[in-house]
Amino acid sequence: QVKVVESGGGSVQAGGSLRLSCLASGDTYCNVDRSWYRQAPGKERELVSTIESDGGTTYADSVKGRFTISQDHAKSTVYLEMNSLKPEDTAMYYCKTSRPGIGWCDFWGQGTQVTVSS
């Protein structure tokens, strides 16, 4: 089992920056890939970014060039650096662990709120 805890959310002005953290503890078997999702009021949850254990990354088109995902294996922590924030980035951000092909390895955190004002 894996416990996932997100932190780093808050309220910022448009154009500002935040760094989110995702700490995963417990069995490392399921901690192969790590993803950030977000969900705004009235909208579906969407995939923002993914990082694989070997460092490979993907980003949603809406955040390319503004967000950067990274990992610190020693701390078992994944980060999402968010720059040039826009009001449309306002959402609850969730972290998820996964292992390809193993559905029961999907573990979600409680989320951290990001609010961007104009």
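Residues numbered from 1 in each chain as written. Predicted model: local features only at pLDDT ≥ 70, side-chain atom pairs only at ≥ 80, totals over all residues. Heavy atoms only, no water.

Asks: Got a minute to help me understand the overall build of the chain in this structure?
Replies: Scanning the chain for helices and strands turns up zero helices and eleven strands. Each helix (α) and strand (β) of the chain, taken in turn from the N terminus, gives the series β-β-β-β-β-β-β-β-β-β-β. Over its C-alpha atoms the chain spans a radius of gyration of 14 Å, differing by no more than 12% from the 13 Å that the globule rule assigns to 118 residues. With respect to the principal axes defined by its C-alpha atoms, the chain has extents near 40 × 25 × 25 Å. When each of the 118 residues of the chain is scored for burial, the buried share is 41%. (Helix = DSSP H or I, 4+ residues; strand = E, 2+ residues; numbered from the N terminus. Rg over C-alpha atoms; globule rule 2.2 N^0.38 Å. Buried < 20%, exposed > 50% of the residue type's maximum accessible area, 1.4 Å probe, protein only.)

Asks: Help me understand the state of the cysteines, please; the structure alone is not making it clear to me.
Replies: When the sulfur atoms of two cysteines share a covalent bond, that bond is a disulfide. The full count for this structure, using the stated rule, is two disulfides. Here Cys22 engages in a disulfide with Cys95; their sulfurs sit 2.0 Å apart. On the S-S bond that ties Cys22 to Cys95, the torsion sits near -80 degrees, and the link is left-handed. Of the two residues, Cys22 sits in strand 3 (residues 18-26) while Cys95 sits in strand 9 (residues 91-99), which places them 73 residues apart along the sequence. For Cys22, a relative accessible area of 0% corresponds to the buried category. Here Cys30 is linked by a disulfide to Cys105, with a sulfur-sulfur distance of 2.2 Å. Taking the sign of the torsion about the S-S bond as the criterion, the disulfide between Cys30 and Cys105, at about -60 degrees, is left-handed. Linking Cys30 in the loop between strand 3 and strand 4 (33-39) with Cys105 in strand 10 (residues 102-108), this pair joins segments that are 75 residues apart in sequence. (Disulfide = S-S within 2.5 Å.)

Asks: Please clarify how unusual backbone geometry should be interpreted in this entry.
Replies: Trans is the common state for peptide bonds, and a negative phi is the common state for residues other than glycine. Positioned with a positive phi, Ser76 is a non-glycine residue whose angle comes to about 50 degrees. The class of Ser76 is partly exposed, set by a relative accessible area of 21%. Even without a glycine there, the phi angle at Ser84 is positive, about 50 degrees. Note on placement: Ser84 falls in the loop between strand 8 (77-82) and strand 9. On the accessibility criterion, Ser84 (42% relative accessible area) is partly exposed.

Everything listed here is a matter of geometry and, on its own, says nothing about what the molecule does.
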